[in-house]
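Chain by chain, the residues run as shown.
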Amino acid sequence: FDPIFSRPGFEDIELCWRARKELGVFTRYCEKARVFHEYDRGFVGLYRQFWKYGHTEPIMAWMHPQFTFQDSRPVTADFCDPRQPELSPEQKAALEEIRAR
């Protein structure tokens, strides 16, 4: 998995997309295959799962712009490569000035 994914969510999908794009590998649905995930139960567990997906889907969409869910909203607005260093206050001000033009 790409180390840009600091938490679970979309890392497996990204691996499949990258394998397809770079190596021509096609993934297939196998009805008899079973994968078991342990999730926290209840409302808190559901919230945590959606939170993880909400923070990793933009990474997937940024890495593979052609990847979308049908009729989904753009998730990459204002998304920056998390591998890039933090901008200094001066750099942020210059960036805001450019965006304002």
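Before reading further, recall that the structure is shown in the block above.
Small disclaimer: the values here were computed from a predicted structure and weren't measured.

We now examine the pattern of salt bridges. All told, the structure shown has two salt bridges when counted by the stated rule. A salt bridge links glutamate 14 to arginine 18, with the nearest nitrogen and oxygen atoms 2.9 Å apart. Pair noted here: glutamate 14 and arginine 18 are both in helix α1 (residues 11-23), with a separation of four residues, about one helical turn. The class of glutamate 14 is buried, set by a relative accessible area of 0%.

On to α1. Taking 1.5 Å of rise per residue, the 13 residues of α1 would be expected to cover 18 Å, and the 17 Å separating its terminal C-alpha atoms lies within 8% of that figure. Immediately downstream of α1, the backbone of glycine 24 shows phi near 75 degrees, a positive value.

Right, let's get into helix α2 (residues 42-63). Taking 1.5 Å per residue, 22 residues should reach 32 Å; α2 reaches 32 Å between its end C-alpha atoms and fits that length. Taking the largest bend as the criterion, α2 deviates by roughly 25 degrees, centred on threonine 56, and proline proline 58 comes between one and four positions later. Every buried residue of α2 is listed here: Gly45, Gln49, Thr56, Glu57, Pro58, Ile59, Met60, Ala61 and Met63. Of the surrounding secondary structure, the elements contacted by the buried residues of α2 are α1.

Rules behind the numbers
- Residues numbered from 1 in each chain as written.
- Predicted model: local features only at pLDDT ≥ 70, side-chain atom pairs only at ≥ 80, totals over all residues.
- Heavy atoms only, no water.
- Salt bridge = Lys/Arg side-chain N within 4 Å of Asp/Glu carboxyl O.
- Helix = DSSP H or I, 4+ residues; strand = E, 2+ residues; numbered from the N terminus.
- Buried < 20%, exposed > 50% of the residue type's maximum accessible area, 1.4 Å probe, protein only.
- Expected span 1.5 Å × (residues − 1).
- Bend = angle between axes of the 7 residues up to and from the residue.
- Contact = heavy atoms within 4.5 Å.

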